[in-house]
Amino acid sequence: MNLKSALDADGLPGRQIRRRHQPDLPECVLVLADVHEADGYPTNWPDDPVGWLSEPSLLAAWVAESDEQIMGHIGLCRGEEGDAAPDLWSRRAGLGAEMTAVVSRLFVAPAARGSGIGARLVAQAVREARERGLHPVLDVVASDTTAVALYERLGWSLLATVEQQWEPAQTVTVHCYEAPA
């Protein structure tokens, strides 16, 4: 690794955003468990957390590292059936939903919050989507006010707020966003 890739946006050594690799998944699950305990994200703890992080529609995923410890994660996926944001953007833009990429599975370790890791991970996913010629969109549970505040601070535009049926007895309100132009 060269010096530039080992520095974060502020030039601080030991911090980086890099592609996630298969051996990172156990540590990612541990960080996700900390986030779930602190914030309730994900809303429903997955039966297979590794599978949840490696969903079939995954295009790419990244981790934020600080001194070789994973501090955050983000994924970029193709939209799947039931994803509201790609369909909403598609109708608004007059283009097919296949022209979108869904930013997903963003989480930052509670101990690393406020350091800009979340914003840097989002920027990486947006950059990758645009390099692929895709428009970034996302869904976020409306009750996750911290995530909503992050996306709005980064200039994401609300497409709509919708109700989604996640399980037979669980309806969830989600905000659907698109990345700034």
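Because the structure is a prediction, the values reported are computed rather than measured. (Residues numbered from 1 in each chain as written. Predicted model: local features only at pLDDT ≥ 70, side-chain atom pairs only at ≥ 80, totals over all residues. Heavy atoms only, no water.)

Student: How would you summarise helix α1 (residues 25–39) if you had to cite specific residues and measurements?
Tutor: Here α1 spans 20 Å end to end across 15 residues, near enough to the 21 Å set by a 1.5 Å rise per residue. Tucked inside the fold, the buried residues of α1 contact α2 (49–53), β2 (58–66), β3 (69–77) and β4 (100–108). A positive phi of about 80° marks G40, the residue just after α1. (Helix = DSSP H or I, 4+ residues; strand = E, 2+ residues; numbered from the N terminus. Expected span 1.5 Å × (residues − 1). Contact = heavy atoms within 4.5 Å.)

Student: Lay out the confidence of the model for the protein chain in plain terms, naming residues and giving numbers.
Tutor: With 92% of its residues at a pLDDT of at least 70, the protein chain reaches an overall mean of 91. Counting contacts from residues 1–12, a segment whose pLDDT is below 50, to residues more than four positions away or on other chains yields 13 contacts. (pLDDT = per-residue confidence, 0-100.)

Student: For the nonpolar core, give the residues involved together with the corresponding values.
Tutor: Counting 39 residues, the largest nonpolar core has L53, I74, L121, V122, Y151 and W156 as its most contacted members. Sorting the residues of this core by element identifies α1, α2, β2, β3, β4, α4 (117–131), β5 (135–141) and α5 (145–153) as the ones contributing at least two each. Core analysis: the next-biggest nonpolar cluster, separate from the first, contains 11 residues, A85, L88, W89 and V102 among them. (Core = buried A, V, L, I, M, F, W, Y, C linked by side-chain atoms within 4.5 Å. Buried < 20%, exposed > 50% of the residue type's maximum accessible area, 1.4 Å probe, protein only.)

Student: Which residues make up the sheet that holds β3, and what values go with them?
Tutor: Reading across from one edge, β1-β2-β3-β4-β5-β7-β6 is the order of the 7 strands in this open sheet, with mixed pairing throughout. What marks the edges here is a single partner per strand, and that holds for β1 (15–19) and β6 (157–167). Going across the sheet, the axis of each strand differs from the next one's by a mean of 25°, ignoring polarity. Helix α3 (residues 84–93) contacts β4, β5, β6 and β7 (170–178) of the sheet and is inclined by roughly 140° relative to β6. (Pairing = 2+ DSSP bridges. Axes fitted to C-alpha atoms, helices over the stretch in contact; angles between N-to-C directions.)

Student: Account for the pairing of β3, with residues named and values stated.
Tutor: For β3, the buried fraction is high: 8 of the 9 residues fall into the buried class. Here β2 runs beside β3; their pairing, made up of 8 bridges, is antiparallel. The partner of A61 across the bridge, within β3, is G75. In this structure, the hairpin formed by β2 and β3 is closed by a connection of 2 residues, where D67 is found at a positive phi of approximately 50°. Two elements, β3 and β4, share 5 bridges in a ladder whose sense is antiparallel. Counterpart to H73 in the pairing with β4 is F107.

Student: Please set out the pattern of salt bridges residue by residue, giving values where relevant.
Tutor: For the structure on display, the rule yields 6 salt bridges. Taking the shortest distance from any N to any O, the salt bridge between D24 and R18 comes out at 2.8 Å. Judged by its relative accessible area of 10%, D24 falls in the buried class. E65 is the partner of R18 in a salt bridge, and the nearest nitrogen-oxygen pair spans 3.0 Å. Here R18, found in strand β1, pairs with E65, found in strand β2; they are 47 residues apart in sequence, far enough to count as distant. When sorted by exposure, R18 lands in the same class as E65, which is buried. Salt bridges sharing common partners tie together R18, D24 and E65. (Salt bridge = Lys/Arg side-chain N within 4 Å of Asp/Glu carboxyl O.)

Student: Tell me about unusual backbone geometry, and please be specific about residues and values.
Tutor: Of note, the amide linkage connecting Y41 to P42 takes the cis form, showing an omega dihedral of 0°. You can see P42 is positioned in the loop between α1 and α2. We note that E68 has phi near 65°; this positive angle belongs to a residue other than glycine. Examined against the element boundaries, E68 turns out to sit in the loop between β2 and β3. Backbone geometry places R105, a non-glycine residue, at a positive phi of 55°. With respect to the helices and strands, the residue R105 is situated in strand β4. Overall, R105 belongs to the buried group, its relative accessible area being 18%.

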